[in-house]
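What the coordinates show
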Amino acid sequence: MTTLQSGPDSVYDVLGIGFGPSNLALAIALHEHSARSPDGEALRVGFLERQPRFGWHRGMLIDDATMQVSFLKDLVTMRDPTSDFSFLCYLRDRDRLVDFLNLKTLFPLRIEFHDYFEWAAARVAHLVEYSAEVVAVRPVTEGGEIRCFDVLSRDPAAPERLTVRRTRSLCVATGLEPHLPPGAALTERVWHNSELLPRVEQLQRSGRPVRRAVVLGAGQSAAEAVDYLHRGFPDAEICSVFAKYGYTPADDSPFANKIFDPEAVDLYYGAPRDVKQSLFDYHRTTNYSVVDMELIESLSRTMYQEKVQGRQRLRMMNVSRIREVEAHADEVEVTVEFLPTGEREVLAADLLVYATGYQPQGIADRLGELGKLCLRDDEDALQVGRDHRVATAPHVLADIYLQGATEHTHGLTSTLLSTTAVRAGEIRASLLAHRGLRQGL
């Protein structure tokens, strides 16, 4: 085991667990603060990421898929439009600024935005350690008070070797994990859509024919998977299974989109619980289980063209659910029930893709015994301050910040990019304020 010294010069002010867009935005905000701070006033910062390099939904970086959020809601602009970590500065660095402006769009390709994230991450690479999987976080008790945490991590390639880092604050941003229907099991023929691209590439390299693919889901990822598989396997039937009558268009109208404004987070946070729930229900169609109208219309045109040509490969199995999945060596049998009549059809498929969304990872999954120090409300949800700091027991003086997993307190933007830059600024301000309080003790 390798342990960092516990002297004052080796204790981190903040350690981030996870290094996706949220903690990347925080790393930039803290890096910029350090660059402007006199010697000795900068925060000691580090981030731990279990992946060997930066990656954000790599399995869904379809070549022609575009972002569903404006490029101005990048890692910094909403917090500081003058930052040289902006998407526009990235374009200038890549010598594509004029070309992008000529496109007259607010929505870059997803692969381009991912490249922007990688570009930004490379500039703060000195703050992050990759291939560092956090396996435990332990409180450090001094005089009956918990003033620090010890974070234990390991390299997945050398699991027997642990590294311990001590920190006064944590910022947990471990992102989302794939959600599967109850009882679903992943196999070589049954995937979650988060694995779509590498799985399809592997299948195409193998030369194994695909006669039929089934996609379960009604959201943007499901529709994109259907479209991608339809184009990638020109001889296969692609069946889209969902419980709705048709794909629901995403509500990206100007007034509905105001739910993603920074001011909306203030209103949501201070609202009574029933009002929070109403706002969430009213505006689900801005993000959940909805599809861009352009993609809906494209799929509809494709279906009509195939009907005209007399060879229908794209099949929409609406108002339906998957009732049984039986895996065999050479195929997977998928039983689909048409809900209005109860009629069932067994599809012999070469692959099944669950495009069933994502869910936040529970804080206990990452913090272990630290989760017992966090306060919860009467519905057993974490109590989280407006500054994204988790409420803890009175004797806990070290801080825990959350990025994501706070929809119940901060609203729809909790897991989205819309307020990532603003949230990073809020957490930075809170970290600086609490450091000042500690120094004043």
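No experiment lies behind these values; they were computed from the predicted model shown.

Brief notes about the pairing of strand S19 (residues 399-402)
Because side chains alternate across S19, one face comprises the buried residues Asp399 and Tyr401, and the other comprises Ile400 and Leu402, equally buried. Relative to S19, strand S8 (residues 169-172) is paired through four bridges, and the arrangement is parallel. The partner of Leu170 across the bridge, within S19, is Ile400.

Notes on the pairing of strand S12 (residues 237-241)
A regular strand places its side chains on the two faces of the sheet in alternate fashion. Most of S12 is tucked away, with four of its five residues classed as buried. With five bridges connecting them, strand S11 (residues 212-216) and S12 associate as parallel partners. Paired with Val215 across the strands is Ser240, a residue of S12. Between S11 and its parallel partner S12, the chain crosses via helix H6 (residues 220-232), and the hand of that crossover is right-handed. Where S12 meets strand S13 (residues 314-317), four bridges bridge the pair, whose relative direction is parallel. Each bridged residue has a counterpart across the sheet, and for Val241 the counterpart in S13 is Met317.

Concerning the nonpolar core
Soluble globular proteins tend to bury their nonpolar side chains together. Formed by 40 residues in total, the largest nonpolar core has its most connected members in Phe19, Leu24, Phe47, Leu75 and Phe117. Of all the secondary structure elements, the ones that give two or more residues to this core are helix H1 (21-36), strand S3 (45-48), helix H2 (87-93), helix H4 (110-123) and helix H12 (420-440). Those residues in contact with Phe47, other than ones at most four positions away along the chain, are Leu15, Gly16, Gly18, Phe19, Asn23, Leu26, Ala27, Leu30, Leu127, Val128 and Glu129. With 32 residues, the next largest nonpolar core counts Ala218, Ala225, Val291 and Leu299 among its residues.

What about the environment of Thr420?
Looking at the secondary structure, you find Thr420 in helix H12. On a C-alpha basis, the gap between Thr420 and Gln202 in space is 34 Å, while along the polypeptide they are 218 residues apart. Setting aside residues up to four positions removed in sequence, Thr420 forms contacts with Pro21, Ser22 and Ala25.

Quick word on the side chain of Asp227
Among the structural elements, Asp227 can be located in helix H6. On the basis of relative accessible area, Asp227 is assigned to the buried category, the value being 15%.

Rules of the game
- Residues numbered from 1 in each chain as written.
- Predicted model: local features only at pLDDT ≥ 70, side-chain atom pairs only at ≥ 80, totals over all residues.
- Heavy atoms only, no water.
- Buried < 20%, exposed > 50% of the residue type's maximum accessible area, 1.4 Å probe, protein only.
- Helix = DSSP H or I, 4+ residues; strand = E, 2+ residues; numbered from the N terminus.
- Pairing = 2+ DSSP bridges.
- Right-handed = clockwise from strand over helix to strand, strands pointing away.
- Core = buried A, V, L, I, M, F, W, Y, C linked by side-chain atoms within 4.5 Å.
- Contact = heavy atoms within 4.5 Å.

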